[in-house]
Amino acid sequence: MTAPARPLGAAQERRRRHRLARVWSNRPGWVGQLTAVNHSTVAMRFIVTGFAFLLVGGALSMFIRLQLAWFGNEVLDPQRYAQFVTLHGTTMMFLFAVPIMEGFAMYLLPKMLGARDLPFPRLSAFGYWCYLFGGLFLYSSLLFDAAPDGGWFMYVPLTDATFSPGRGADFWLIGVTFAEIAAVTAAVELIVAVLITRAPGMDIRRMPLFAWAILVTAFMIAFGFPPLILASVLLEMQRAFDFVFFDVARGGDPLLWQHLFWLFGHPEVYIIFLPAAGVVSMVIPTFARRPVVGYLWIVLALVSTGFLSFGLWVHHMFAVGIPLLALAFFSAASMAVAIPTGIQVFAWIATLWSGRPWLRLPMLHILGFFVVFVLGGLTGVMLALVPFDWQAHDTHFVVAHLHYVLIGGLMFPLFAGLYYWLPLASGRMPSESLGRTAFWLVFVGFNLTFLPMHLTGLLGMPRRAHTYPQGLGVEWLNLLSTAAGFVLATGMIAILLDAALSFRHGRRSGRDPWHAGTLEWALQHPVPPYNFASVPQVDDRYPLWRDPTVAERSARADGLLGDAAHGRREVLGTGVLTAAPEQVIRVSGSTWWPLLAALAIAALLACFIAKWYLAAVLLLAPLLAALLAWAWTTGDRTAPAQLEAAPGVLLPSQYACRNAPGWWALVATLLIDGSLFASLVFAYFYLWLGTEAWPPAGMAAGAGPAAWTALALLAACWGAVSWSERALHGGRATAAQAGLGVAVLLGGGFLWLHLAAVAGVAGPPSVHAYASVVWTLAGFHAVHVAVAMLLALYAAAGLRKGHVDAARPLELRITAAFWRYVVGQGAIAWAVIHLFPEAL
């Protein structure tokens, strides 16, 4: 499909651009800053906040290095040292590495894909506030002298209520989980954005490699973060309510924490690395001045890395006593992941080899990446060998490997991307001389800091130790690492200063100063809040190289979505595979709801950690009210079934389209929720394997009449919502409302009967791990039933107000799909709770 060409007069062109700018701009002043949801604004918040946490985490590491500079130092006492190590690791992994790449993705993806914005702007803003409040929540522990000290992996039993009786572990568990909301919301946002908001013509064979990397990363977050979220919730339940999951004396198992943590922890390395690899795949072709070599192979490598990374979690548990046969499997899997990584490296080298490389600041950091990351990969292969891992386990050798992989795989590509896209964001160039000086400070400082740690580790220096004995032979190596650490810190500060100063003092860059070929460089300077005046159409992976007029055409307001006379923010929705135009997506403008919802969660969690449980429960009411008001006012629910995307071009609104963003958001959300549920079921069976009697003596098993009746009521919910869907399809809105009402009543009956049935088979949850995990499983599903009931009431209200009808069935379709998921999940949970113990 092509937009009809209709040249506009100069005055009409100015009016259209003015309307676009008025519709898409943030409100002025502080109110505008607090209520903004535009992807560029939210992304810049992520990036700036991420760099702020980098500086804080880096400052902590300087204290750690000073403590280790010489044996017997007393810069930090053992307690404070453990706290600084914990906060440093937590900050870098949870508050810097993942959020900063999400910020880059949020800023770049719409521009790179030819879109106006992300499909759920409020969700992006909500994620940012959760990230910021979660980080502040974690650091507020210092004010109460309750900073966590269990390490960034918080192993139990060291972090349970017996060995960590204060609130330090609670701050970690609640703060990190709060901040992780940003990761999972970003995963939903980015998956939907890549799938259905690409420019017309940008089919999946023409997607920028950065978009591929972000898509794979977002799916990895969807599957990888839920195990850690579950582990954090289980440990907090054990600490706060005396549930049993990790206490051996009552049927628990501390290794369950390690399994759940590393199910997240090892994919996390690749969640950090893959976006950075996407940056490398964008920078190298530009500076090699030719298309990337092996596009398809790089895509396959990204996807296979995502799959393989989930088979490596035991890589971190070789020393805990796992059977040798299992160790052999995980050892082989750990080495196998080097294959797709190697494919990407060879493709990048081939691109440079066959091109005409241009050595500017971004490429300098890419060369640093090659050296550091390859060295980190080699020590990774060494640690994948079980006998070597047993020798080097928990020594500074592992610390050195971790930093070579993370700094090599993240920091150098990140700085390359920062310098590469800085002219796009600022319209100005960085200082080449200051930038090169800073690069060499970072490169030399980094290698002199961490290369000696390989030797100190092999000489027997354990990680996380407050000091070390004289005569171990590591004194001068530690002194060198400490001195070089300050050189590294100086280089990083210089890079951030250079980037900040360039916004005001840099030389003006003009459009596309690097002569790049991808769509983001077609934008004007300064970048308008709507990105493209007309949604561009492309027919190549490097559209600017193939057709330089793309920039001029997309800056005119005479094409797709060029007229905003209706006063609404619109994004073009396209096909998943073909990127053919399919719908007009009306997205939300500035609003307070994301901030208010995040504040409600923050207040609730603060009450929880203060053990004001009644107040925490009461705060659910304003939180629920904020979320419902958010949902009721999102987008344009009164939009007609069809909208004019350009003169003579009619497309369905998202409420009338099968590939609606809301539908894909539901799919992504259910993937995340399914991973959470699967992790809980895994915990159930893992605990069963470690106990002699399941259920223990004194607890019953099996399904009585109440349990069977509850299951029948739950199954009937499926029929009720299906009947409601058919009624709406036939134009009978009142009957559709009645079907939803029946589903609500059936759901309420199920909750009452099933919780009574569970009480009949499981005793108090504090008695044994069996009772704890059964109650958790039943409660987890009960929450889903309650959410489904709320959704049904919400959809019924939409039917009554006329927001949902036969031509715009999206909300009822989503409600019915969620109900079916809840029924399926409930059937599995029911079988695990009632049938499995009886079958033993």
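The model shown is predicted, which means the values in this text are computed figures rather than measured ones.

So, how was this worked out
Positions within a chain are numbered from 1, following the residues in the order the chain's sequence is written. Given that this is a predicted model, residues contribute local features only at a pLDDT of at least 70 and side-chain atom pairs are listed and counted only at 80 or more, while totals for whole chains, interfaces and linings are drawn from all residues. Hydrogens and waters are ignored; side-chain quantities use all the structure's heavy atoms. Each helix is a run of H or I in the DSSP string that is no shorter than four residues. Each strand is a run of E no shorter than two, and both are numbered from the N terminus. Based on C-alpha atoms, the radius of gyration is set beside the globule rule, defined as 2.2 Å times the residue count to the power 0.38. Categorising residues by exposure relies on relative accessible area from a 1.4 Å probe, with only protein chains included: less than 20% of the type maximum marks a residue as buried, more than 50% marks it as exposed, and the intermediate range marks it as partly exposed. Per-residue and other accessible areas follow the Shrake-Rupley method at a 1.4 Å probe size, with only the shown protein chains counted as cover for residues. We score Asp and Glu as negative and Lys and Arg as positive, and we do not count His or the chain ends. Where a charge lies is defined by one atom per residue type: Lys uses NZ, Arg uses CZ, Asp uses CG and Glu uses CD. The criterion is simple. A nonpolar core is a set of buried Ala, Val, Leu, Ile, Met, Phe, Trp, Tyr and Cys residues joined through side-chain atoms within 4.5 Å. What makes two residues a contact is simply this: any of their non-hydrogen atoms within 4.5 Å. Domain ranges listed in this record stem from an automatic or a database domain assignment. Note on terms: buried area is the combined drop in 1.4 Å-probe accessible area of two parts once they are placed together, counting the loss on both. Any carboxyl oxygen of Asp or Glu that lies within 4 Å of a side-chain nitrogen of Lys or Arg is treated as forming a salt bridge with it. We define a polar contact as two N or O atoms separated by no more than 3.5 Å, with the added condition that, inside protein, one atom must be a possible hydrogen donor and the other a possible acceptor, whereas residues neighbouring each other in sequence contribute only through side-chain atom pairs. Throughout, the ten residues Ala, Val, Leu, Ile, Met, Phe, Trp, Tyr, Cys and Pro are labelled nonpolar, Asp, Glu, Lys and Arg are labelled charged, and all others, Gly among them, are labelled polar. What makes two strands pair is DSSP finding at least two bridges between them. Fitted lines through C-alpha atoms serve as axes, helices being fitted only where they are in contact, and the angles separating the N-to-C directions of these axes extend from 0 to 180 degrees. Angles are sorted into four bins: roughly parallel if under 35 degrees, roughly antiparallel if over 145, roughly perpendicular if 65 to 115, and oblique for all others. Here is the rule for handedness: rotate from the far helix to the near one, and if that takes an anticlockwise turn smaller than a right angle the crossing is left-handed, while a clockwise turn gives right-handed. Pairing of aromatic rings covers Phe, Tyr and Trp, the last counted by its six-membered ring, and requires centre-to-centre distances within 6.5 Å; plane angles under 30 degrees mean stacked, over 60 mean edge-to-face, and any other angle means tilted. Should the NZ of a Lys or the CZ of an Arg lie within 6 Å of a ring centre and within 35 degrees of the ring normal, that charge is described as sitting over the ring. The length a helix should cover is 1.5 Å for every residue beyond the first. Within this analysis, the arc is defined by the directions that extend from the helix axis to the C-beta atoms.

A. Region of the structure containing the overall build of the chain. The helix and strand tally for the chain stands at 26 helices and 6 strands. Relative to the 2.2 N^0.38 estimate, which gives 28 Å for 840 residues, the radius of gyration of the chain is 27 Å and therefore close to what a compact globule would have. In terms of its C-alpha atoms, the chain occupies a principal-axis envelope of roughly 80 × 75 × 50 Å. Taken across its 840 residues, the chain has 62% of its residues classed as buried. Carbon and sulfur atoms make up 70% of the accessible area of the chain, which amounts to about 30900 Å² in all. Charge-centre separation for the chain: the mean point of 49 positive side chains lies 13 Å from the mean point of 40 negative side chains.

B. Fine view of the nonpolar core. The biggest cluster of nonpolar side chains holds 251 residues, and the ones touching the most others in it are Phe 51, Phe 96, Phe 210, Trp 257, Trp 348 and Trp 421. Here Phe 210 is in contact with Phe 104, Ala 105, Leu 108, Leu 109, Met 112, Pro 275, Gly 278, Val 279 and Met 282, once residues within four sequence places are set aside. Counting 40 residues, the second-largest nonpolar core is a separate cluster that includes Ala 660, Ala 795, Ile 814 and Trp 819.

C. Broad picture of the domain arrangement of the chain. For the chain, the domain assignment lists domain 1 (30–508), domain 2 (593–631) and domain 3 (691–838). Placing the centre of domain 1 and that of domain 3 at their C-alpha centroids yields a distance of 39 Å. At the junction of the two partners, domain 1 supplies 9 residues and domain 3 supplies 10 residues. Interface of domain 1 and domain 3: buried area, both sides summed, is about 670 Å²; carbon and sulfur atoms make up 67% of it. Between the two partners, domain 1 and domain 3, sit 0 salt bridges. Our enumeration of links across domain 1 and domain 3 arrives at 3 residue pairs in polar contact (both at pLDDT 80 or more). Classifying every residue of the side of domain 1 that touches domain 3 by side-chain character gives 5 nonpolar, 2 polar and 2 charged.

D. The pairing of strand E6 (residues 649–652), seen in detail. Burial along E6 is one-sided: Val 649 and Leu 651 are buried, while Leu 650 and Pro 652, pointing the other way, are not. Pairing between strand E5 (residues 642–646) and E6: 4 bridges, direction antiparallel. What sits directly across from Ala 646, in E6, is Val 649. Counted between consecutive antiparallel strands, the loop separating E5 from E6 contains 2 residues, among which Gly 648 sits at a positive phi close to 85°.

E. Summary view of the packing of helix H24 (residues 733–761) against helix H25 (residues 769–801). At their nearest, the axes of H24 and H25 sit 9 Å apart, and the two run at 165° to each other. Taken together, the axes of H24 and H25 are roughly antiparallel relative to one another. The chirality of how H24 crosses H25 is left-handed. Classifying every residue of the contact of H24 with H25 gives 22 nonpolar, 5 polar and 1 charged.

F. Representation of the pattern of salt bridges within the structure. Applying the stated criterion across every chain, the model contains 23 salt bridges. When the shortest N-O distance is used, the salt bridge between Arg 546 and Asp 540 registers 4.0 Å. When its relative accessible area of 54% is taken as the criterion, Arg 546 is described as exposed. One salt bridge in this structure joins Glu 811 and Arg 637, with 2.7 Å as the shortest N-O distance. Of this pair, Glu 811 sits in helix H26 (residues 810–839) while Arg 637 sits in the loop between helix H21 (620–633) and E5; the two residues are 174 residues apart in sequence, bridging distant segments of the chain. Per residue, the accessibility class of Glu 811 equals that of Arg 637, and both read buried. Linked by salt bridges that have partners in common, Arg 568, Glu 570, Arg 586 and Asp 636 make up one network.

G. Summary view of the environment of Ala 631. Within the secondary structure layout, Ala 631 lies in helix H21. Separated by 163 residues in the primary sequence, Ala 631 and Tyr 794 place their C-alpha atoms 9.2 Å from one another.

H. Main features of the packing of helix H8 (residues 255–288) against helix H12 (residues 361–384). Running from N to C, H8 and H12 point in directions that differ by 130°, and their axes come no closer than 10 Å. Taken together, the axes of H8 and H12 are oblique relative to one another. Helix-helix and strand crossings are classified by hand; for H8 and H12 the assignment is left-handed. Here H8 contributes Phe 273, Val 280, Val 283, Ile 284 and Phe 287 to the contact with H12, which in turn contributes Pro 362, Met 363, Ile 366, Phe 369, Phe 370 and Phe 373. Of the residues in the contact of H8 with H12, the class split is 11 nonpolar, no polar and no charged.

I. Highlighting the packing of aromatic side chains. Taken as a whole and judged by the stated rule, the model has 67 aromatic pairs. Looking at Lys 111, its charged tip hangs above the ring of Tyr 107, at a distance of 3.9 Å from the centre. For Arg 813, the ring lying beneath its charged end belongs to Trp 663, and the centroid distance is 4.2 Å.

J. Quick peek at H21. The end-to-end C-alpha distance of H21 is 20 Å, a good match for the 20 Å that 14 residues give at a rise of 1.5 Å each. Among the residues of H21, those classed as buried are Leu 623, Ala 626, Ala 629 and Trp 630. The buried side chains of H21 occupy one side of the element, clustering within an arc of 130° when seen end-on. Against helix H5 (121–139) and helix H19 (593–609) lie the buried residues of H21. Gly 635 sits one or two positions beyond H21 and adopts a positive phi of about 60°.

K. Structural detail: the environment of Phe 84. By the element assignment, Phe 84 lies in helix H4 (residues 78–113). Along the primary structure Phe 84 and Gly 151 are separated by 67 residues, whereas in three dimensions their C-alpha atoms are 9.0 Å apart. Excluding residues that lie within four positions of it along the chain, Phe 84 makes contacts with Leu 60, Phe 63, Ile 64 and Leu 76.

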